[in-house]
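As a plain string of letters, each chain reads:
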Amino acid sequence: QTASPEALHFGLVNRVVSKGTARQAAEALASEIASYPEQECMRMDRRSALEQWGLPSEGHSLLNEYRLGSSVLRRAVQGAGRFRDGAGRGGNFGDFSKSKL
């Protein structure tokens, strides 16, 4: 077991909330993430996690993860480049247009 300040220090977590506020903080974080303009990578990760249970082996699951991830990789790299160049910093997506995809 690791104390929360220690977990934060080691980078195991990126935030610590007061006792009794975890659900509220998690829902606020989920809402923030849902507001991001590019959701396709997250959707493919979720899809891969759900589909793995119906596949016959770990190898099949890894191939499925690769297939789904590859389908969005180009756009993910473009989005990361836009973020590197300043778009979307601080949660401001006014300059982060889907037309740039």
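Note that the structure is predicted; figures quoted are calculated from it, not measured.

Quick notes on the overall build of the chain
Within the chain, the secondary structure is distributed over 5 helices and 0 strands. Mapped from its N terminus to its C terminus, the chain presents α and β elements in the order α-α-α-α-α. Every one of the 101 residues in the chain was classed for burial, and the buried ones make up 15%. Contacts in the chain between residues far apart in sequence, at least 24 positions, make up 31% of those at least 6 positions apart.

A few points about a nonpolar patch on the surface
Among the surface-exposed residues, L8, F10, L12, V13 and V16 lie close enough to one another that they form a single nonpolar patch of about 460 Å² accessible area. Looking at the secondary structure, you find L8 in helix α1 (residues 4-10).

Quick notes on the confidence of the model for the chain
Residues at a pLDDT of 70 or more form 88% of the chain, whose mean pLDDT is 85. Confidence, expressed as mean pLDDT per element, reaches its minimum in the chain at helix α5 (residues 73-84) with 84 and its maximum at helix α4 (residues 58-70) with 95.

Digging into the pattern of salt bridges
Taken as a whole and assessed by the stated rule, the structure comprises 5 salt bridges. A salt bridge links R23 to E27; its shortest N-O distance comes to 2.7 Å. Here R23 and its partner E27 are both found in helix α2 (residues 22-34), 4 residues apart, which amounts to about one turn of the helix. Residue E27 is classed as partly exposed on the basis of its relative accessible area of 45%. Measuring nitrogen to oxygen at the nearest pair gives 3.7 Å for the salt bridge that ties R43 to E40. Of this pair, R43 and E40 both sit in helix α3 (residues 40-51), separated by 3 residues, roughly a single helical turn. For E40, a relative accessible area of 22% corresponds to the partly exposed category. Via salt bridges that share partners, R47, E51 and R67 belong to a single interconnected network.

Some details on the packing of α3 against α4
Running from N to C, α3 and α4 cross one another at 160°; their axes reach a closest spacing of 9 Å. On the basis of the axis angle, α3 is roughly antiparallel to α4. Like other packed secondary-structure pairs, α3 and α4 cross with a definite hand, here right-handed. Across from M44, D45, R47, S48 and E51 in α3, the residues of α4 making contact are N64, E65, R67 and L68.

Rules used in this analysis
- Residues numbered from 1 in each chain as written.
- Predicted model: local features only at pLDDT ≥ 70, side-chain atom pairs only at ≥ 80, totals over all residues.
- Heavy atoms only, no water.
- Helix = DSSP H or I, 4+ residues; strand = E, 2+ residues; numbered from the N terminus.
- Buried < 20%, exposed > 50% of the residue type's maximum accessible area, 1.4 Å probe, protein only.
- Contact = heavy atoms within 4.5 Å.
- Patch = residues over 30% accessible without salt bridge, like charges linked within 9 Å, V, L, I, M, F, W, Y side chains within 5 Å.
- Areas by Shrake-Rupley, 256 points an atom, 1.4 Å probe, with all protein chains shown as cover.
- Salt bridge = Lys/Arg side-chain N within 4 Å of Asp/Glu carboxyl O.
- pLDDT = per-residue confidence, 0-100.
- Axes fitted to C-alpha atoms, helices over the stretch in contact; angles between N-to-C directions.
- Parallel < 35°, antiparallel > 145°, perpendicular 65-115°, else oblique.
- Left-handed = near helix turned anticlockwise from the far one by under 90°.

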